[in-house]
Amino acid sequence: MMTENYKQSRQSTGRKRGSALVMALVFAALLLQMALAYSGMLRNSKPQTFQIEESTKLELLAQGLIDKVILKFQLYPAEFYAAWQAAQLNHPEFLADYVQNDPSLQLPEFMAASSSFNAQKISVAIASMALLTDSRWNQEALRIEAIVTYVNRFGKIVDKSVFKTLTIKRMVVR
């Protein structure tokens, strides 16, 4: 009788071991499948990370240069208004000198903005500055455009235009 109980317990233990082995193999296969899916997601997300980093870097660099133009406008508004009126009378060279030909408003081959993803030089310049008026509402707006250009790590030229529009209130100081 004792041997019969021993045989039965041995058979049930063997069955439990066999089912545990099958479960372990199934679980290992599931883990392998999840690891392969995760590595595929990482492989696909790396180019997106490069694009997001590049786009953010270009946007911030252009916004910084636009802020520099706004500061120049705040310091020397009369020069801008004179250049704008000259441009309206078919003399655009004065406005170009105020905005586009000013060396302090251009960053050709700027290297300080390189990152771990890309060590290419970036060129940033103010492309235009325009005064938008509406005589009906007695409001003016200043629209500034900066253009950023560089070659990405795939050899493709990337151009990005960044705009900023400000509301201006002119006041006569006596």
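No experiment lies behind these values; they were computed from the predicted model shown.

**Quick word on unusual backbone geometry**
For Asn90, which is not a glycine, the phi torsion comes out positive at approximately 65°. Among the structural elements, Asn90 can be located in the loop between α2 (77-88) and α3 (93-98). A relative accessible area of 67% means that Asn90 is categorised as exposed.

**A short note on α2**
Between its terminal C-alpha atoms α2 stretches 17 Å, which fits the 16 Å expected from 12 residues at 1.5 Å a residue. Within the sequence span of α2, burial applies to Phe80, Tyr81, Ala83, Trp84 and Ala86. One or two residues past the end of α2 sits Asn90, with phi positive at roughly 65°.

**Looking at the environment of Arg143**
Among the structural elements, Arg143 can be located in strand β3 (residues 139-151). In the structure, Arg143 is positioned 23 residues away from Leu166 in sequence and 6.5 Å away in space, judged by C-alpha atoms. Non-local contacts of Arg143, meaning those with residues more than four positions away in its chain, are made with Ser128, Met129, Ala130, Leu132, Phe163, Lys164 and Thr165.

**A closer look at the pattern of salt bridges**
For the coordinates displayed, the defined rule picks out 3 salt bridges. For Lys164, the salt bridge is made with Asp67, and the minimal N-O distance between the two is 3.2 Å. Of the two residues, Lys164 sits in strand β4 (residues 157-168) while Asp67 sits in helix α1 (residues 2-75), which places them 97 residues apart along the sequence.

**Let's talk about the environment of Glu79**
Here Glu79 lies in helix α2. For Glu79, a relative accessible area of 44% translates into the label partly exposed. As for Glu79 and Phe94, which are separated by 15 residues in sequence, their C-alpha atoms are 9.2 Å apart.

**Regarding the packing of aromatic side chains**
Evaluation of the coordinates by the stated rule reveals 5 aromatic pairs. On the basis of an interplanar angle of 65° and a centroid distance of 5.8 Å, the ring pair of Phe73 and Tyr81 is categorised as edge-to-face. With centroids separated by 5.6 Å and ring planes inclined at 55°, the aromatic side chains of Phe80 and Tyr98 adopt a geometry described as tilted. Placement of Phe80 in helix α2 and of Tyr98 in helix α3 is noted, with a sequence separation of 18 residues between them. Its relative accessible area of 6% is what places Tyr98 among the buried residues. Of the aromatic side chains, those joined through ring pairs into one cluster are Phe73, Phe80, Tyr81, Trp84 and Tyr98. A cation sits over an aromatic face here: Lys57 above Tyr150, 5.7 Å from the ring centre.

Reading the values: rules and limits
Residues numbered from 1 in each chain as written. Predicted model: local features only at pLDDT ≥ 70, side-chain atom pairs only at ≥ 80, totals over all residues. Heavy atoms only, no water. Helix = DSSP H or I, 4+ residues; strand = E, 2+ residues; numbered from the N terminus. Buried < 20%, exposed > 50% of the residue type's maximum accessible area, 1.4 Å probe, protein only. Expected span 1.5 Å × (residues − 1). Contact = heavy atoms within 4.5 Å. Salt bridge = Lys/Arg side-chain N within 4 Å of Asp/Glu carboxyl O. Phe/Tyr/Trp six-rings, centres within 6.5 Å; stacked < 30°, edge-to-face > 60°. Lys NZ or Arg CZ within 6 Å of the ring centre and 35° of its normal.

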